[in-house]
Every structure is written in structure tokens, then in C-alpha cells.
Amino acid sequence: MPPSGAFSQFIVSAMPDLAIIIPSVLNGLTTGALYALVALGLTLIYGVLHIINFAHGALLMLGLYAVYYLNTRFGIDPYVCLLIVPPVMFALGYVLQRGIIGRASHGRDENILLVTLGLSIVIENLALFFFKSDTRIIDTPYSFEVIQILGAFVPEPKVFAFLGAFVTAGLLWALMTFTDLGRAIRALAKERKGATLVGINADHVYAMSFGLGIACLGVAACLLLPSYYVSPQVGQGFVLIAFTIVVLGGMGSFVGALIGGLFIGVVEALSGLFLGESLGQIGIFAIFILVLIFRPTGLLGHKV
Amino acid sequence: MRTLIILAAVFAALALVPLFVVSDVWLNIAIMVLYSALLGQAWNMLGGYGGQFSFGHAAFFGTGAYTVAVLQVQYGINPWVGLFAGGLAAVVVAAIIGYSTFRYGLKGSYFALVTLAFAEVLRILSNSVPITGAGVGLLIPLQVAPSNLQFADKGSYYWLVWAMALAAFLVAWWIGNSRFGAQLMAVRDNEDAARALGVRAYSVKLRAIMLSGFFSGLGGVFYAQYFLYLDPHIAYGASVSIESLLVPIIGGIGTLFGPLLGAIVLHAISEFSRDLIGDIPGISLVLYGTLLVVMVLFLPRGLAGLLIRRKAAPQTPKKTEAEHA
Amino acid sequence: MTDSKGKRNGGLGRREFLATGAAALGLGVTGFPAVLRAQPASVKVGLIHPVSGFIAFSGTQCRAGAEMAIADINAAGGIKSLGGAKLEAMLGDSQGKPEVGASEVSKMVEGGVHGIVAGYSSAISLATSQEAAKSMTPHIVDVGVSDQIVDRGLKNTFRFAPGYGTIAKFAVDNLAGINQMSDDKAKTAMIIHEESLFGTGTANLLQKKLPEIGIEVLDVIKHANPTRDFTNIVLQIKSKKPDLIIPANYYNEYVLLARTMRQQQVKAKGIYSVLGGAASNYKFVNEFPEAAQGIMDCNHWFNPKSEIALQRKAAAEAKGLVYTYEVFLAYNAVVALADGFERAGSTEHDAVNEALAASTLDMSYMPYGPTKMINGQNVGARPVNTQVLDGKIEVIFPQAFASAKPVFPMNS
């Protein structure tokens, strides 16, 4: 029986065919890896600067446009853009934090909130002005290539994104663990006063952290665009889900963000399958609320 | 007492606006200012006086709006009844959110994000259940009659939102001058210390979110009756949540007049940037966003910070390790 | 007035001063030449579209179409019954929000607007037309397909394009016709729609009507905007194996859906989208010629056999515009409003509303029947079916307007 009317759709959208559960979970994992990429930068910023960066989506959008124009104007492959876009985004992040966000905060949470909100409005509307409102897509030789895994077709760009998320998380972890910068960032995240006393330049390290977080968005943009599109508002669709992942994974935890991303990807896929695609979105937030209430430090809660 | 007199004088002056402003455009702007001030003051009760930043006030706003609309459209119940039902329904939602978060001691960013998640859950639900018209939305039939809470002239709408805002500001004044408010602010400034002094933090915060929810719900009722159409994005979307917190933050959080100042200034710069720039898509919003950033750079304590410089300005909750652990 | 201006230097007499002053204040003076009042220097047309925010692309397209119409009408001599008065655009941005749209209306009303073309989205059109109704300012809805817009009995609100009731009916009737002509008939379908007003409303109607023409609806999938990934939905399509896939969603989601269907190698007899489909969008066809091949669409379209329509299309394309339905529907809305001024011979709101209500505008450049207004809706308005064939968008149904024969199943 087909479901008839809104009500039966609300109750359940017909039991899914069991054969599609495996492909659906696989897809959830690859989509989740993309979410994780966006969340990695956010969790770094969150863990170190303790700020809710409302401009995260807008900056992701800028990264996507960068990849788009590099590809369409200069024929640079999105994966080659990995060498260009993240460093540029890093510089942008550094300047934004040091020049505007840090300065405007005056040590108050609500000011940071306002500034990042203001920045996102500015960036999105500048994009609207310069890039126009058209939805843009790039065409790559591998856009429609698929790899067969367990009888499911997994598009190549998503496989690359999946691997990219692991590599990025690994690199970030290594950077935080083995470099002086990493140690300084961790010290600052824990105890600002103590860190400045031992001679850490807090403003510089904060800006470096913010820059790194935004550079992660650059990576995400390069890996996302081959299977997605860009328009001035595109980032907004990722912000909320990235916050969810950050909190689930424990703020400041890269492993947490990675696992949280994969987890949310699978939850989204399965709840979409069982509750219907529209209502299924509720699964993400329901889990988010439950985790926060019963385990407020996140599933893997520990600090940077 | 002096602030109460000033408050009375300000609202008395505001009440006269429709008698002098004949232009519908200006009256509409005045309506939207009071409407923003209402939403802002509602947020301020919890966020400003209580230090609990909510990103999800749309949960209350949307519930108020849908309640009055659903009662009218699906059950034929008069919107004057719906007005109070809407406020009360929002209180119920606020109680549920408050109970499930404060009881478990959620604070800071965690509280902010969980309220956002609740608003999203409600948005998705309202998008799916038939009673709200799901994605099609709810259109309140156009039947202009005061008994129907629909008015032919903007002046009457103005007085409606004026009365709602007045109630919200009186309650905010009461918070600022009552034992309850003192406890709420004590919890904001240092919860552990407040507890040590015998303040029942959980119950104080719960009452604050319910008050806050009520007035946000009234804002929703006003929106529904003024524009007569709702869909899940209008009711539970992020823009209401953002407007609710933007207004008091710009004006000065935890201050009585902050939300009013914030509402006036936000609408002023929005109108100003639109008039200045005009027709180029997006550019007026660029100017709007820039002005926001510039204001924060130079007015870190909001507009009210200018006025109360000499008094001890309210403390914002300092980030503590416990909050982020 | 120029006269008095000239005198101003030489000093105004008291009487003249009073008369000019009063006229400038717009109070109107008894004995003021009637001709002057009936012939404004320009006729102000308010254009309110969401040129920023989430639906900025569509809003920008609408504005471009409406501005082209104004330029064309002015170039052709303006409103002749008003002594060749020129149309003057007043531009407004609703930012995609109903309340902002409504406040733009009140601003324009105060600015002396004579008629408004607005909306694009149904939610915004509901708000703008209602606000305009307070002053009875003539209001034409360019796109907004919700039938609630014209069902409220507002005497100032008109729509010359079809609403989704009509579109869903024709979508089903035309589909029956196409199915009839084919040897390999479709018997099952799946509807994939976006969750807001237009997708849900359309899907509800289709779901009711498809069984009447012998097509079983296997499943209806509603999805969010934005949906970041369509694999799940496509997997469900694959497992249900419908003959027909019926999408009703916005451009971004449509692109992702089409792309994912290709990646997942979905085979169906047809993809038949209703409203907002990318198969009646040149941008999509140009960017994805292979993915677009064979897709059918029931949507707003122009009459491909009309010289005027083709000229307008060429003119728009010469300006670098993609000729989407937003462009020509907004263009038509301005033309219809101008025709209202023309026949009213006045810019008085009531007269223009009366003229619009009695409109029999010749719209032969659209695939419509004769224009006839009932409750503000042009009941002659129709959608058509298009199909992407060899990189071109062809009209395939109804036959009176067809430029090609339908290819169904699409891969035959």
C-alpha cells in the first residue's frame, strides 16, 4: 500500500527494502566524512577560542567559490586546489581573527557572536554581489565515476572526501601533538593566564588557531565541490550540522569530530530511510539533544 | 522607582505615536521596532538577566504563532483566546526545554546549541504534522474585525504590540528590582556562589525561561495576526532566533532599555542602509553587517553601555573551565 | 509647474504660492486642471522580488524580466490612453521574507505607486497582495503558484499565470496523453518533492489524480531544503523501480537529484518533473546535456510558435540572461498591468482593478487559452510539457504548441 496523505507519511514512510540498508549506511559514512571535514575546523576554533563561529558557513562558501573559479578559469583540478585554497584560507582566517574578531570581542562572548554574525552577513552578501546568485557546479572527469563496494555504487569524489577527512584529522592531531605551535595552542586552550606568563603570544596563537580552523574549511571545500554545488547561501546548510558534530564529538576533539561526523552521517541516512527524508532530519537533533542532556561532554568528551 | 517612572514616560510617549505619525510606512517601522523590542526583551529576561544564551527562541515564538493560527483555522477558536493560549503554549515549551536542560546543568554554549536543536525539532515536526498544514503552511482567513484580532488600520496593530511590549518591559523591570531577579542575576554572575547562599538555581532559571517563553510566544501571536500566514520556516526558522538575541545584545544585555534601544538602532541602520544603497542586491545587507561589526568594535557593552557607564554594568558570565569541560 | 518654477526667481504672488504649495503637498486643489491629474508624468510600477537571500536567483530573474517589459513598453510609446505616460519602476527587495515584502509594499504605496508586480514565492505573494489590498493598489502576482493567493477574494490581486491546481491537473492529463501515444506505457510512479508550499501542494494533488489515469503511486518522498545528499532517496527509487520518477523541487536539489540518479545508474521509463524542474531550464540543459537528455517537464513555458515570444527570448538572451520561466512570467505580469492602465485610461486604483478584472489581454505568446479573469485568476492560463531532446528544450504537449514529438520511454 502506498502511503496516502500527510498523516501516514508522518507515521512512517513505508518500510524500506532491506537490501538498500548497506548502500545507505555506506553513503551515510561518506556523507558523514564531508560533515566531519567542515566540523574539524569548527571544533578547533571552538576548543581553543571557545567561540561559536557563526561565520563558518560563509567562509566555507568562500572556499567553494575559490575552488570553483580556480577550476573554471584556470582549469585547476579541485584536488590540486588543495595546495592553494587551504593556505589562502589560513591567511584569511588569521587576518580575520587578529584584525576583527579578537579586537571586537573585548572578552565578551556575546560580542564574538555578534561579530561573526555580522561577518557572515557581509561575506554572504558580498558573494551575492560579486558572484551573483546562480548555483554553480564544476564538471570533472570523475564526477560520475563510481566504485563498487559491497554491491553499492559509491561515487569517487565521495571516496576521496572520506579518505581526506581521515588524513586531515590525522594531520591536525600530529600538529597539535608534535609541534611547538600545537603545544602553545593546547596550553592556551587550557589556561590563558598561565600560557601568557610563560611567554606565549596569545593574540598570535589565537589567530593561528583560527587560521588553521579556516584552512580546514579550505580542505573541505576542495573535497566537497566535485559532488556538490556552490551558491552564496550554500554554507548555511552545513553550519548547524557541523555544530551538532562538534558537540557530539566533544568540543576540541578531532577524533571526536571525525567519529561524530561519520555517526551523524549514518544517523541521517537511516532515519531518512525509516522516517522519511524530511522528518528524518529530526533524528540528528533528537540524538543531539539526548547526548547533550545525558552526556554533556560529548560522546568522546575530552579537551584539546 | 526612578526607572519605573522613566519606563512609564517612555511608553506613554510611545503610545502617542499613531496620533502623530500618519504615514503608514513610518507606522509600520514603529510597529516592527516594538515587535523587535518585544522579542528582544523576552530573550533578555533569560539571556540578559539570567545569563543563559538561547539560540532557539524561535521555539517559543513559533509555538505562540502556530497556536493562535491552528486554534483559529482548525478549531474556529477566537484569536483573542488564542492570544493567551499562544503565550501559555510557549510557556509549556519553555518549561519542557528548561526542565530538560537546566536539570542536567547545561550551560553556556551547550545550552545555546540545545535550544537551537529544540527549535529545529519543532520546525521539522511542524513540517510534517497535518494540524499545522505541514509544508503548505497555514493561512489565517482575512476577516478584518477587532473581535477577530485583525485591524484595518496600522494604528490598532501598533497599540496591540505596544501593549505586549509594555507588559514585557514591566516584567523586565520587575526582574531588575525583585528578589527573584536578584537571585537570577546572582546565578548569572556566579552560580556556585549563589547556590552557597541558598539560591535554588534550577528553579530560578526555570522560571526565567518560562517568563521569557511567554513573551516570545506573544511575539509569535502578533506576527501571525499581522501577516496572517505561517510556514515552518517563518515560525521556527533561525531568523527569529537571531533577531531575538541581536536586539538586546546591540542594545545592551541585562539592561531594561537595551532591547528598545537595540530595536530602534537595528531598524534604523537597516532602513538607512536600504535607503542609502537602494537597488543593488545584497549591498545594503553588506552595509548592515559592517555596521554591526563596527558597533561591536566601538560599543562593546551595547548602546546601554553608553548610558550606564558610571553604574556598574552587569557582568557577563565569564567562561569558566567547568563550562567547557 | 515649470511655469511657477520660472516665476520663483521673480518672487511668487501669495495666491500662486498657496496653489503651488498645496499641489506640491498632493492635496489637490479645486479647479486644478483635470487633465494634469489624469496624466501623470509617469506611471509608477512597484517591482518587489527576493533579490537577496535564499531564493535570490529566482528573484533576480523576475526583476530582470519585469524591467525588460517596462523598457519595451516605454520604447513603444508608454501608456497611450494616458498621453504616452512612461512606466517608472520602483524596486523593492523582499530578501525572501514575507514581512519585508509587505513593508516594501507599504513604502511604495506611500511613494504613490500605481500598481505592483510582486512575489515570486507564494508565501511572499500572500503577504504583499494582502498589504496592497489595504489601499486597493492593483497587485499582480507574477509566479506564486499557491491557489490560496487568489482564493481569498482580494479585489486588487490578479494572477495571469497558472496556479498549481491547474498545473497539477494538466500535468496528469498531459501525462495520460503521452502515455496513450506510447507502446510501452508507464504504470507506476514515485513522487520526490521538496517540503515547502509548492512541492507539497503539487505532490498532494498529483497523488490524488495519478491513480485516475491508471498510474499507481508507489511512494512519495518529501525532502528538506537544502538536502545535502540524494543518495538515500535514489536508493529508494532503485529499490521500488517505478516506471516514472516525478520530481517537484527547486533547482539546487534538482541538480543533485539528477546527478545522483546518474551515479547510481537509475533506469526509468521517464523522468517527469512538475514545476521548478530543471528540464525547462536552459542552464541545466547546457551544463548537463547528458543528464538532461529525455527528461520531461510540466511547467510554465512560452509558445514556441509565437514570433513575439521568440523575439523576447532572443532579446533576453542578448542581455546575457538565462531565459527561465521567472523572466517571462514577470515580463507578462508587467504587460498585463500596463494593459490595465491603458484600458482604465487612468491610474485610479479602482479603475485599474476593474480593468484588470475584465482583462482579455491577448497572450498568444504564451501557450494559454483566451485570457479570462475569474476571482483574479486568468483561467486561460496553462502549463505545457517540455522534453529535453538533443540538448534542446522542445514543447511536446499539447499538440497545438508542440515543436517535437514526445520520446517515451525516454531511452527508446
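Residues numbered from 1 in each chain as written. Chains lettered and ligands numbered in written order. Predicted model: local features only at pLDDT ≥ 70, side-chain atom pairs only at ≥ 80, totals over all residues.

> Outline the overall build of chain B, supporting the account with residue identities and numerical values.
When helices and strands are tallied, chain B shows 16 helices and two strands. A compact globule built from 325 residues should have a C-alpha radius of gyration of about 20 Å, and chain B, at 19 Å, falls within 12% of that. Seen through its principal axes, chain B has C-alpha atoms that stretch 55 × 45 × 40 Å. By residue count, 59% of the 325 residues in chain B fall in the buried class. Sequence separation of 24 or more characterises 76% of the internal contacts of chain B that already satisfy a separation of 6 or more. (Helix = DSSP H or I, 4+ residues; strand = E, 2+ residues; numbered from the N terminus. Rg over C-alpha atoms; globule rule 2.2 N^0.38 Å. Buried ≥ 20, exposed ≤ 12 C-beta atoms within 10 Å, placed from the backbone. Contact = placed C-beta atoms within 7 Å.)

> Explain helix H6 (residues 156-178) of chain A to me, and be specific about the residues and the numbers.
All names here are of chain A. With 23 residues, H6 should cover 33 Å at 1.5 Å per step; its first-to-last C-alpha distance of 33 Å lies within 8% of that length. Among the residues of H6, those classed as buried are Pro 157, Lys 158, Ala 161, Phe 162, Gly 164, Ala 165, Thr 168, Ala 169, Leu 172 and Met 176. Residues of H6 that are buried make contact with helix H2 (21-49), strand S2 (152-155), helix H7 (180-190), helix H9 (202-224) and helix H11 (254-275). (Expected span 1.5 Å × (residues − 1).)

> Could you give an account of helix H10 (residues 201-227) of chain B, with specific residues and numbers?
It helps to recall that an α-helix has 3.6 residues per turn; residues three or four apart then point in one direction. Its 27 residues give H10(B) an end-to-end C-alpha distance of 39 Å, which sits within 8% of 39 Å, the value for a rise of 1.5 Å per residue. Counted residue by residue, H10(B) has 23 buried out of 27 residues, so it is predominantly covered.

> Talk me through the sheet that holds strand S8 (residues 244-248) of chain C; I want residue IDs and the actual numbers.
Residue and element names in this part refer to chain C. Judged by pairing direction, the sheet is mixed, and its seven strands sit side by side in the order S7-S6-S8-S9-S10-S13-S14 without closing on themselves. Each of the sheet's edge strands pairs with one partner strand only, and the pair in question is strand S7 (216-223) and strand S14 (392-397). Neighbour-to-neighbour, the strand axes of this sheet turn through a mean angle of 25°, independent of strand direction. Looking at chain direction, strand S10 (residues 296-299) and strand S13 (residues 384-389) are connected through four bridges and run antiparallel. In the sheet register, Cys 298 faces S13, and the bridge partner there is Asn 385. Along the sheet, helix H10 (residues 231-240) contacts strand S6 (188-194), S7 and S8; its crossing angle with S7, the most-contacted strand, is approximately 175°. (Pairing = 2+ DSSP bridges. Axes fitted to C-alpha atoms, helices over the stretch in contact; angles between N-to-C directions.)

> Got a sec to walk through the interface of chain B and chain A? Specific residues and values, please.
The partner chain A presents 41 residues to the 41 residues of chain B that form the contact. Only helix H5 (79-102), helix H6 (108-126), helix H12 (238-251) and helix H14 (283-298) of chain B provide two or more residues apiece to the side of chain B that touches chain A. In terms of residue count, H6(B) provides more of the side of chain B that touches chain A than any other element does, eleven residues in total. Taken together, the residues of the side of chain B that touches chain A sort by class into 29 nonpolar, ten polar and two charged. (Nonpolar A, V, L, I, M, F, W, Y, C, P; charged D, E, K, R; others polar.)

> Pulling in residues and values, what's your account of the pairing of S6(C)?
Residues and elements named next belong to chain C. Across the seven residues that make up S6, a large majority, six, are buried. Bridging between S6 and S7 involves seven bridges; their strand directions are parallel. When the bridges of S7 are listed, Met 190 appears paired with Asp 219. Chirality of the crossover, the property in question, places the unit of S6, helix H9 (residues 197-209) and S7 among those that are right-handed. Where S6 meets S8, five bridges bridge the pair, whose relative direction is parallel. Its bridge partner lying in S8, Ile 191 is registered against Ile 246. (Right-handed = clockwise from strand over helix to strand, strands pointing away.)

By themselves these figures say nothing about function.
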